[in-house]
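The primary structure of each chain is shown beneath.
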Amino acid sequence: MGSLPGVRIWGCGSYVPDRVVTNEDLAALGCDSEWIVRRTGILERRHATADQATSDLCYEAAVRCLADASVSVDEVDLILVATITPDHFTPSTACHLQKRLGAFAAAMDLSAACAGFVYALATGAQFVAAGNAKRVLVVGADLMSRTIDPNDKKTYPLFGDGAGAVLIGPDDSRCPDDGGVEQADADGPSGILSYQLGSEGCGGEMLCIPAGGTRLPLTEGALREGLQYMKMDGRNVFKWAVRVFDESAKDVLAAAQVNAEELALVIMHQANQRIIDSAVSDLGVPKDRVFVNLDRYGNTSGASIPLAMDEAIRAGRIKRGDYVLLCGFGSGLAWGTALLRF
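Residues numbered from 1 in each chain as written. Predicted model: local features only at pLDDT ≥ 70, side-chain atom pairs only at ≥ 80, totals over all residues. Heavy atoms only, no water.

A.B. asks: Can you walk me through the packing of helix 6 (residues 234-256) against helix 7 (residues 273-283) in this structure?
C.D. replies: A pair of packed helices is captured by two measures, namely the crossing angle of their axes and the spacing between those axes. Their axes nearest at 9 Å, the elements helix 6 and helix 7 cross at an angle of 35°. Between helix 6 and helix 7 the crossing geometry is right-handed. Residues Phe-238, Ala-241, Val-242, Phe-245, Asp-246, Ala-249, Lys-250 and Leu-253 of helix 6 pack against Arg-274, Ile-275, Ser-278, Ala-279, Val-280, Asp-282 and Leu-283 of helix 7. Residue composition of the contact of helix 6 with helix 7, grouped by class: 10 nonpolar, 1 polar and 4 charged. (Axes fitted to C-alpha atoms, helices over the stretch in contact; angles between N-to-C directions. Helix = DSSP H or I, 4+ residues; strand = E, 2+ residues; numbered from the N terminus. Left-handed = near helix turned anticlockwise from the far one by under 90°. Contact = heavy atoms within 4.5 Å. Nonpolar A, V, L, I, M, F, W, Y, C, P; charged D, E, K, R; others polar.)

Dropping the structure here:
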């Protein structure tokens, strides 16, 4: 648990590939369109083209974010990329992004899967709060279509590709543009009023890619067995996700002395509509205060929260002074929950 007041989101940006893959497109693989909608709420997702890598999506989202904040790339002094689908094991995807942007900045990746963006946001905010950075570009991006076995009819339809970015800095710094966020009464501190990062590594086998690392190299035998693809215990991940959101959300709200009724918007990791419905029902938040774009993008892992945040801001769903609750949860098992005041 912790808090990082006075760290402001200056701008947002997002990008998804042009290729739309509908449930009907997956029928050729033997996937049942009605089952997908009934079990997940997903209607379509985006898939990157063969020549697109994670850093390409990061770049597009980052450029839009910097334009939104009216900040030039030479003002950025730290770049953080939350991803589990890097271009390469090394160098980092953040370094690829730094090079393409032409930024003069430190750059590093964070790997916390679907919780990765909140982890990266909290990390970047620590640098800002400590006075060691003033303009931190935080990107969440994943090409999940590359990690899923096309022959796995229950898992393959769930995931998509995308990227989202935010620029954060001190609240008292120059910020000529409000990043599309509508003005409102904003008395009181902005920033991350309360956050919680956590992990339950004992459940790591419930959501993992077995082969490709130093524990199990990507041999011909591993490839034949499909161990390069993600394996998921969907039923138990579902139960865990609902529980961890309920517990962490209540902890974070209590630490900030904010009631659930005061939340303007909840932006959860876009994994499954049933998880979202169950989780927010336990918290007592009305459905109209929960932002969902899962139906159009599927589960984009580290990209899902910043992608949803960018869309929510552009839709006028977030105003200055609003309380917004973020929660990412997934492989690790890891989670990150944060209460922001815009």
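A.B. asks: Mind showing me how you'd approach unusual backbone geometry here?
C.D. replies: Residues other than glycine predominantly adopt negative phi, and peptide bonds predominantly adopt the trans conformation. In this model, Thr-90 is joined to Pro-91 through a cis peptide bond whose omega is 5°. On the secondary structure map, Pro-91 appears in the loop between strand 5 (78-82) and helix 3 (93-101). With an omega of -15°, the peptide bond running from Gly-332 to Leu-333 counts as cis. Within the fold, Leu-333 resides in the loop between strand 13 (323-330) and strand 14 (334-341). You will see that Ala-113, though not glycine, has its phi angle at about 55°, which is positive. Along the chain, Ala-113 falls in the loop between strand 6 (106-110) and helix 4 (116-129). For Ala-113, a relative accessible area of 6% translates into the label buried. (Buried < 20%, exposed > 50% of the residue type's maximum accessible area, 1.4 Å probe, protein only.)

A.B. asks: For this particular structure, what's the right way to read helix 3?
C.D. replies: Given 3.6 residues to a turn, an α-helix orients residues that are three or four positions apart in the same direction. All of the buried residues along helix 3 are Thr-93, Ala-94, Leu-97 and Leu-101. Seen from one end, helix 3 has its buried residues packed into an arc of 100°, which puts them on one side. Lining the buried residues of helix 3 we find helix 2 (54-69), strand 5, strand 6 and strand 7 (136-143). A positive phi of about 75° marks Gly-102, the residue just after helix 3. (Arc of directions from axis to C-beta.)

A.B. asks: Teacher, can you tell me more about helix 4 here?
C.D. replies: Between its terminal C-alpha atoms helix 4 stretches 20 Å, which fits the 20 Å expected from 14 residues at 1.5 Å a residue. With 10 of 14 residues buried, helix 4 lies mostly within the body of the structure. Those residues of helix 4 lying buried are Gly-116, Phe-117, Val-118, Tyr-119, Ala-120, Leu-121, Ala-122, Gly-124, Ala-125 and Val-128. Looking one or two residues past helix 4, Gly-131 carries a phi angle of roughly 80°, positive in sign. (Expected span 1.5 Å × (residues − 1).)

A.B. asks: Please clarify how the packing of aromatic side chains should be interpreted in this entry.
C.D. replies: Given two aromatic rings, one states the distance between the centres and the angle between the planes to describe the pair. Applying the stated rule across the entire model yields 1 aromatic pair. Pairing Trp-240 with Trp-335 gives two aromatic rings, centres 6.3 Å apart and planes at 65°, and the pair type is edge-to-face. In this pair, Trp-240 sits in helix 6 while Trp-335 sits in strand 14, placing the two residues 95 residues apart along the sequence. The same class applies to Trp-240 and to Trp-335, which are both buried. For the cation-ring pair, Arg-100 lies above Tyr-59, with the distance from its terminal atom to the ring centre recorded as 4.0 Å. Taking the ring centre of Tyr-323 as reference, the NZ or CZ of Arg-341 above it sits at 5.3 Å. (Phe/Tyr/Trp six-rings, centres within 6.5 Å; stacked < 30°, edge-to-face > 60°. Lys NZ or Arg CZ within 6 Å of the ring centre and 35° of its normal.)

A.B. asks: Looking at this model, I keep getting lost on the pattern of salt bridges. Mind explaining?
C.D. replies: Evaluation of the coordinates by the stated rule reveals 10 salt bridges. Put simply, Arg-314 and Asp-68 hold a salt bridge, and the shortest N to O gap is 3.6 Å. Placement of the pair is Arg-314 in helix 9 (residues 304-314) and Asp-68 in helix 2, with a sequence separation of 246 residues. Looking at Asp-68, the relative accessible area reads 11%, which means it is buried. (Salt bridge = Lys/Arg side-chain N within 4 Å of Asp/Glu carboxyl O.)

A.B. asks: Got a minute to help me understand the environment of Met-268 in this structure?
C.D. replies: The topology assignment puts Met-268 in strand 12 (residues 263-268). Taking C-alpha positions, Met-268 is 24 Å from Met-108, a pair spaced 160 residues apart along the chain. Apart from the residues lying within four places of it in its own chain, the contact partners of Met-268 are Phe-245, Ile-275, Ile-276, Ala-279, Val-280, Ile-305, Cys-327 and Phe-329.

A.B. asks: I tried to follow the pairing of strand 6 on my own but got confused; where do I start?
C.D. replies: Across a regular strand the side chains alternate sides, sitting on one face of the sheet and then on the other. Two strands pair when backbone bridges link them, and strand 5 and strand 6 are joined in this way by 5 bridges, in the parallel orientation. Along strand 6, the bridge assignment pairs Ile-79 with Ala-107. Considered for its hand, the β-α-β crossover made up of strand 5, helix 3 and strand 6 is right-handed. (Pairing = 2+ DSSP bridges. Right-handed = clockwise from strand over helix to strand, strands pointing away.)

A.B. asks: It is not clear to me how the sheet that holds strand 1 (residues 2-5) should be interpreted in this structure. Could you clarify?
C.D. replies: Neighbouring strands of a sheet are bound in pairs by backbone hydrogen bonds; such pairs are parallel or else antiparallel. What the 5 strands build is an open sheet, ordered 1-9-14-13-12; its pairing is mixed. In the strand order of this sheet, the two ends are held by strand 1 and strand 12, each with one partner. For this sheet the average axis-to-axis angle between neighbouring strands, irrespective of direction, equals 15°. As paired strands, strand 13 and strand 14 are joined by 8 bridges and run antiparallel to one another. Along strand 14, the bridge assignment pairs Leu-325 with Leu-339. Contacts from helix 7 reach strand 12 and strand 13, with the element oriented near 145° to strand 12. The sheet contacts of helix 9 involve strand 12 and strand 13, and relative to strand 12 the element is tilted by about 145°.

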